[in-house]
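Read off the chains here:
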Amino acid sequence: MIFNCILAGVGGQGTVLASKLIAQAAMKRGLSARTAETIGMAQRGGCVVSHVRFGKNIYSPMIAKHTADIIIGFEPAEAVRCLPYLKKGGTVVVSGKAIKPVTASLAGSSYNGSDMIEYLKENAAKVIVIDSDQICEACGSAKVLNVVLLGAAASSGLLGLTQDELEDAVKERINARYVDMNTKALALGAQAAEKYK
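Residues numbered from 1 in each chain as written. Predicted model: local features only at pLDDT ≥ 70, side-chain atom pairs only at ≥ 80, totals over all residues. Heavy atoms only, no water.

A. A look at unusual backbone geometry. Despite not being glycine, Asn-57 shows a phi value in the positive range, around 55°. Tracing the backbone shows Asn-57 in the loop between strand 3 (47–55) and strand 4 (68–73). (Helix = DSSP H or I, 4+ residues; strand = E, 2+ residues; numbered from the N terminus.)

Quick look at the structure:
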């Protein structure tokens, strides 16, 4: 079986690291894994999209539209932007925290992400909304958002990897000083997604 996962966020949220953690966990299981990123103006808060595919006989990292098993949205509008990739019956795991785009800030328009989350709920079979601010605060850093969402995705059972496999990847790929904080984030993310089962 092949798992297709899209990760969508903005620059600085750890989207690329999250894709590497998924690939690491899959490879440790003995599966093939391929990743590709579209980074754009990421350093200036622009969109970042990572394609991650793993399973047997993976030849391309790119995910075709309407074939992603899961979208992990680090920001609601970015999840909506990638919704055409989601397969029928697919799942969206999304942070409830909106990041106001520069264009909206300059125009003075309001944006809090709630409309985007409603759109996701109307157009995806299953949407898991995570209160990432609360969890990141409990962990002591906003930089663990990526691992929080991985924990939630693993808990859903739809990522194709277990929480333990992701925890091993965290221990192998993340600086030892931050491992405890990230394993806590993984566990709290998984716990937050439990109510959606």
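Having seen the structure, we can now continue with the description.
B. Focus on the layout of surface pockets. Considering only enclosed or pocket space, the largest pocket measures out at about 520 Å³ in volume. Surrounding the largest pocket, 28 residues form its lining, Gly-12, Gln-13, Ala-142, Lys-143 and Val-144 being those nearest its centre. Each residue belonging to the lining of the largest pocket can be placed in one class, and the counts come to 14 nonpolar, eleven polar and three charged. (1 Å grid on protein atoms, 1.4 Å probe; cavity = no way out; pocket = protein on both sides within 12 Å on 5 of 7 lines; lining within 4 Å. Points joined across faces, edges and corners; volume = space filled by probe spheres on them. Nonpolar A, V, L, I, M, F, W, Y, C, P; charged D, E, K, R; others polar.)

C. Seen up close, the side chain of Ser-132. Relative to the helices and strands, Ser-132 is located in helix 5 (residues 132–139). On the basis of relative accessibility, which here comes to 2%, the residue Ser-132 falls in the buried class. At a separation of 2.5 Å, a polar atom in the side chain of Ser-132 contacts the side chain of Ser-95. (Buried < 20%, exposed > 50% of the residue type's maximum accessible area, 1.4 Å probe, protein only. Polar contact = N/O pair within 3.5 Å; in protein donor to acceptor, adjacent residues only side chain to side chain.)

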